[in-house]
Amino acid sequence: DAGVIQSPRHEVTEMGQEVTLRCKPISGHNSLFWYRQTMMRGLELLIYFNNNVPIDDSGMPEDRFSAKMPNASFSTLKIQPSEPRDSAVYFCASSPTGQPLHSPDSGANVLTFGAGSRLTVL
Amino acid sequence: GQQVMQIPQYQHVQEGEDFTTYCNSSTTLSNIQWYKQRPGGHPVFLIQLVKSGEVKKQKRLTFQFGEAKKNSSLHITATQTTDVGTYFCAGYSGAGSYQLTFGKGTKLSVIP
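Residues numbered from 1 in each chain as written. Chains lettered and ligands numbered in written order. Predicted model: local features only at pLDDT ≥ 70, side-chain atom pairs only at ≥ 80, totals over all residues. Heavy atoms only, no water.

Turning our attention to the overall build of chain B. For chain B, the count of helices and strands is 0 helices and 11 strands. Going from the N terminus to the C terminus, chain B shows its helices and strands as β-β-β-β-β-β-β-β-β-β-β. At 13 Å, chain B has a C-alpha radius of gyration in line with the 13 Å of a compact globule built from 112 residues. Structurally, chain B occupies a C-alpha span of about 45 × 25 × 20 Å along its principal axes. Among the 112 residues that make up chain B, the fraction classed as buried is 48%. Here the analysis covers contacts within chain B between residues at least 6 apart in sequence; of these, 55% occur between residues at least 24 apart. Surface exposure of chain B reaches about 5300 Å², of which carbon and sulfur atoms provide 52%. (Helix = DSSP H or I, 4+ residues; strand = E, 2+ residues; numbered from the N terminus. Rg over C-alpha atoms; globule rule 2.2 N^0.38 Å. Buried < 20%, exposed > 50% of the residue type's maximum accessible area, 1.4 Å probe, protein only. Contact = heavy atoms within 4.5 Å. Areas by Shrake-Rupley, 256 points an atom, 1.4 Å probe, with all protein chains shown as cover.)

A few words on the pattern of salt bridges. Residue and element names in this part refer to chain A. For the structure on display, the rule yields 10 salt bridges over all chains. A salt bridge links Glu62 to Arg85; the shortest N-O distance between them is 3.2 Å. You can see Glu62 sitting in the loop between β6 (53–56) and β7 (65–71) and its partner Arg85 sitting in the loop between β8 (74–79) and β9 (88–95), a full 23 residues away along the chain. What makes Glu62 partly exposed here is its relative accessible area of 27%. (Salt bridge = Lys/Arg side-chain N within 4 Å of Asp/Glu carboxyl O.)

The next point concerns the environment of Met69 of chain A. Along the polypeptide, Met69 of chain A turns up in strand β7. When the C-alpha positions of Met69 of chain A and Ala88 of chain A are compared, they lie 21 Å apart, and in sequence the two are 19 residues distant.

Let us look at the side chain of Gln48 of chain B. Among the secondary structure elements, Gln48 of chain B is positioned in strand β5 (residues 44–49). Within the structure, the side chain of Gln48 of chain B is placed 3.5 Å from the side chain of Asn109 of chain A, a separation counted as a polar contact. (Polar contact = N/O pair within 3.5 Å; in protein donor to acceptor, adjacent residues only side chain to side chain.)

What follows is the structure, given as structure tokens:
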């Protein structure tokens with residue numbers, strides 16, 4: 001199992017440019033999460049998909065951010081236009097199920113994180 | 001909304017000393033998970049606690065879940081340089097909740 005695969009690992013871009021981050025979840029996992037990590041705010045959940053459907057995008061900072069999951073094996077997070085304050089590490093994570101609390105003592109709600117995409121917006 | 005607080009934010013210890021990080025939630029948790037993130041790495045799952053008062057051990061690591069299921073702790077005995085990293089707790093707040101709320105983590109430095 002290759003785990004959660006993210007690309008690119010590093011991205012440096014200029015303010016105003018479009019940024020697209022990509023994620024391939026673990027095969028068979030039904031839930032996919034996008035997190036952003038900064039020193040100031042820690043790990044923030046941006047959006048959560050269950051069975052490819054966006055369930056909650058209340059963490060998406062503003063309209064410049066959008067996320068899609070066209071199929072079970074691929075998701076993108078897009079920032080357009082990018083701003084310096086978007087500089088952060090963006091993590092994608094997946095878990096086996098989107099109904100964790102039905103069986104809180106199972107491993108179904110454990111997150112596996114990708115290696116992250118470090119974004120720097122100049 | 002649910003908040004998960006972790007203290008301390010940073011901890012420097014001499015190799016061989018013990019280390020403890022504490023996690024407190026504003027709401028009762030259904031379960032709590034602990035993750036470790038090495039410098040430059042990504043969070044990696046360590047353990048999950050579900051029952052009130054539960055204690056679990058992994059070698060030198062001891063995890064506890066409070067009786068009221070609103071707090072948790074991670075204790076490392078005789079730290080080693082391989083323990084360096086940031087330790088996060090994360091919890092689900094209730095039935096039907098799908099959002100895992102993370103604490104801001106405790107960054108552990110071990111001085112050889």
